[in-house]
Structure formats: structure tokens, C-alpha cells
Amino acid sequence: MTSAFSAFAFARRRFASAAGTRAATGATRGQVTAGFVAKSAVVCGVAGVAISAALPEDFDFGLGALAPKYVYVRYYHFCAQAFSLIENGMHAPHFDWEHRAWNKTFDHASIRRGYQVYREICAACHSMSLVSWRTLVGVSHTEEEAKAMAAEYEYEDGPDDTGAMFMRPGKLSDRLPDAYPNEEAARAANGGAYPPDLSCIVKARHGEEDYVFALLLGYSDPPPGMSLREGLHFNRYFPGGAISMARALYDEVVEYEDGTPNNASQLAKDVTTFLSWASSPEHDERKKMGMRSIAISTLLLLLSVWYKRFKWAGIKTRQIVYKPPKVLKHSCLKHFPQIFFASRFARFELPT
């Protein structure tokens, strides 16, 4: 009976000890989980801002054919795809554009030269109806230069007091002038082909800057067995291989103001940079804002870690010390051992 009672008491003590351990462990795990979630949220936020600046906007995250129709793989040089040259055109090679780096901005001198190439060559057929003169201020030209360039063109305005329309010199709020008054006039002047607007041409083409640069320099004689009708030209990077636009960039066709070598490759690089900026004019500010966000998030992370350590340091480093109570100087307490043993083996008697 005594053995059974002792075993039962031992089991109760073990159960109570285990329950207390589980309760303490559960509380600790809860604290660890909450702290881990908080720290992970901050780290993921900082990493998300950093990755968003470097990751391509049209990256499909490995989904491939499961990706949405409007999502493309920007780094297509990592992918192997079977296609027909005549139907899809050759994939443009990848070029190391400086502004693609997460911590780099556009080359504004190249943007200025690219606008010069567009103005002297491309503007004869292509329009940029979404770009205003004022967007050039502080990017590639000064305000006085932009006003002078805008004033060279006349824009229809009105009506005046008599209800008639009139022509006036351009101002900063006007858009860049159109090459043709309407689409029909553009097709009639280009053998039925419509020159696309170049305002967002870089973002509108698969391969972006790589495709535009390769297209401008991709002209050559057609391969044997391929015939082109009159007015078409062979370009290996254009879908179908036959393009209505003739080659426009040659060596020394544009004389740069700053004395930069004006070979065909340099002209193509500068005008592609200008068109890339026109497609994403917020590019530089977006990256600057991303850098500021990373810096502020890092500072907040460090402050949060310091504040957490400051608040919890006293709790985590405290020691629980048992201080026994002081023994009172009483006559009964002096004879407590004798009283205790006497009560167990003899009749209890108070000491005299």
C-alpha cells in the first residue's frame, strides 16, 4: 500500500513538473515566434525594396508558360527557345546597359546626344506625342535651351476672340511635334507602313533596349533564297525579317556637339538611351527613392534591435535569489529542535 502510494505521489510530481516545463516552453516558444516574425518582417521589407530595384519588372519567376500573357522573361539569354527566324526574328543579344544596375542612373550626356539623333534623323518619320518639352529640362537641356527648341515649332491654338484658330510658337507645356498630321498621311508617305510612336517604344518591345539597339544595326543583305518586295529591307531582328524602315544610322551621319565619336554604334547607343529614358522618365527618381527607403529601413531595423535589447536586457539577465527570513529571537524558537523531536517520541511539554 505504501509502495503504491509512493508511486502515485511520484507520478503526480513528475506530471506537475512536466506540465510546468511545457507551460514555460510554450511561453518561450511564443516569445521566440513573435520575435522571429517581427524580425523577419523587417528583413523581408528591406530585402523586398532592394530586390525590386534590381529584379526585372517582367520577370516571370520561373513560371514559363504558366506566366500571364503580358509577362515576359527579360533575361531571355538564359532561356533556350525554338522558333523560326522568319516568323519571330532573331533574339537580340544582351548588352550591359549601365542604367540597368540597381545603383546606377541614366547617362544624361547620352540622353542629350540621343535627342540630337532623334531630332535630326528619327523625327522625320516617328513621333513622340507623349513627351513634353518641359520633361527635357534638368535632364538633358537647360530651361532656356528647351524654350528655344520649342519656339522653333508652331502649334495650333485658340480660338481667339473672333472664334478662329491661330498658330503660335511652341512653349514648354507643348508636346514634341508630330511627324505627320494623321495616320493616313503617315501611311501614304511610307508605302502603307505606319511608323510607330516612339514615346514608349522601349517598354513596348520584347527585349527593350537590347531589341531597339540590335534593330538599328541589324540590317544586312537577305539570305539566299529569300526575296523581298520593293520598299522592304532585311533585318534579322525584326519579326518576319522584312521591315519597311530603311537603315538610318551610318558613321558620321550626325555631328555631336560635345565631340563624341559619331560612329553608327555610338549613334544607336545614344538614341536607344534617349528612348529608354522617354519610356521611363521616373527611372532615376525611383532608384533614388529606393536607396533612401533601404537606408531608412536599415536605420529603423538597427533602432528596433537596440530598443528590443534595451527593454529586455533587464528581464533576460535578472537573477532570482532566495533570501531566507531572519530568525526571530524568541524563547520558543531556541528550543524548536527539542520541541520537534519530543513531539514525535514523547509527550509534548513546553520548556521552562
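Residues numbered from 1 in each chain as written. Predicted model: local features only at pLDDT ≥ 70, side-chain atom pairs only at ≥ 80, totals over all residues. Heavy atoms only, no water.

Engineer: Before we go on, may I ask you to explain the environment of Tyr 118 in this structure?
Structural biologist: Tracing the chain through its elements places Tyr 118 in helix H3 (residues 108–120). Residue Tyr 118 is classed as buried on the basis of its relative accessible area of 3%. Spatially, the C-alpha atoms of Tyr 118 and Leu 275 are 8.9 Å apart, while their sequence positions differ by 157 residues. In this structure, Tyr 118 is in contact with Ala 123, His 126, Ser 127, Met 128, Leu 176, Leu 198, Val 271 and Phe 274, ignoring residues within four places of it in sequence. (Helix = DSSP H or I, 4+ residues; strand = E, 2+ residues; numbered from the N terminus. Buried < 20%, exposed > 50% of the residue type's maximum accessible area, 1.4 Å probe, protein only. Contact = heavy atoms within 4.5 Å.)

Engineer: Help me understand a nonpolar patch on the surface in this model?
Structural biologist: Taken together, the side chains of Ile 296, Leu 299, Leu 300 and Leu 303 make up a nonpolar region of the molecular surface, amounting to roughly 390 Å² of accessible area. Position of Ile 296 relative to the elements: it lies in helix H8 (residues 283–316). (Patch = residues over 30% accessible without salt bridge, like charges linked within 9 Å, V, L, I, M, F, W, Y side chains within 5 Å. Areas by Shrake-Rupley, 256 points an atom, 1.4 Å probe, with all protein chains shown as cover. Salt bridge = Lys/Arg side-chain N within 4 Å of Asp/Glu carboxyl O.)

Engineer: Before we go on, may I ask you to explain the nonpolar core in this structure?
Structural biologist: Nonpolar side chains tend to gather and get buried jointly when the protein is soluble and globular. Membership of the largest hydrophobic core comes to 39 residues, with the highest contact counts inside it found for Tyr 118, Met 128, Trp 133, Leu 249, Phe 274, Leu 275 and Trp 277. When contributions to this core are tallied by element, the ones reaching two or more residues are H3, helix H4 (143–151), helix H6 (209–217) and helix H7 (264–279). Per-element tally for this core: the top contributor is H7, with seven residues. Residues contacting Leu 275, with those up to four places away along its chain left out, are Met 128, Leu 198, Ile 201, Val 202 and Val 212. (Core = buried A, V, L, I, M, F, W, Y, C linked by side-chain atoms within 4.5 Å.)

Engineer: Is there a simple way to think about a positive patch on the surface in this case?
Structural biologist: A grouping of Lys 39, Lys 308, Arg 309 and Lys 316 is seen on the molecular surface, where their side chains present a positively charged patch. For the positive patch, the element with the most residues is H8, which contributes three residues. Assignment of secondary structure puts Lys 316 in helix H8. (Lys, Arg positive; Asp, Glu negative; His and termini not counted. Charge placed at Lys NZ, Arg CZ, Asp CG, Glu CD.)

Engineer: Help me understand the confidence of the model for the protein chain in this model?
Structural biologist: When pLDDT drops low, the exact placement of atoms in the prediction is not to be read closely. Of all residues in the protein chain, 70% have pLDDT values of 70 or greater, and the mean over the chain is 79. Between the elements of the protein chain, mean pLDDT differs from a low of 53, seen in helix H9 (residues 331–334), to a high of 96, seen in H7. Predicted confidence is poor over residues 1–8, with pLDDT under 50, and the contacts of this stretch with residues over four places away or in other chains come to zero contacts. A low-confidence stretch, residues 14–30 stays under pLDDT 50, and its non-local contacts, those more than four residues away or across chains, total one contact. (pLDDT = per-residue confidence, 0-100.)

Engineer: It is not clear to me how the environment of Ala 264 should be interpreted in this structure. Could you clarify?
Structural biologist: Of note, Ala 264 is situated in helix H7. Given the relative accessible area of 6%, Ala 264 is considered buried. Considered as a pair, Ala 264 and Val 253 are 11 residues apart in the sequence and their alpha carbons are 8.1 Å apart.

Engineer: I'm lost on the packing of H6 against H7 in this one. Help?
Structural biologist: In a pair of packed helices, the angle between the axes and the distance between the axes together describe the arrangement. Close contact between H6 and H7 brings their axes to 9 Å; oriented N to C, the two are set at 145 degrees. Relative to H7, the crossing made by H6 is right-handed. Along the contact surface, H6 presents Glu 209, Val 212, Phe 213, Leu 216 and Leu 217, while H7 presents Ala 264, Ser 265, Ala 268, Lys 269, Val 271, Thr 272, Leu 275 and Ser 276. For the contact of H6 with H7, the class distribution of residues is eight nonpolar, three polar and two charged. (Axes fitted to C-alpha atoms, helices over the stretch in contact; angles between N-to-C directions. Left-handed = near helix turned anticlockwise from the far one by under 90°. Nonpolar A, V, L, I, M, F, W, Y, C, P; charged D, E, K, R; others polar.)

Engineer: I keep staring at the side chain of Thr 272 and nothing clicks. Help me out?
Structural biologist: Looking at where Thr 272 falls in the secondary structure, it is placed in helix H7. With near-sequence residues (within four places) excluded, Thr 272 lies in contact with Trp 97, Val 202, Glu 209, Val 212, Phe 213 and Leu 216.

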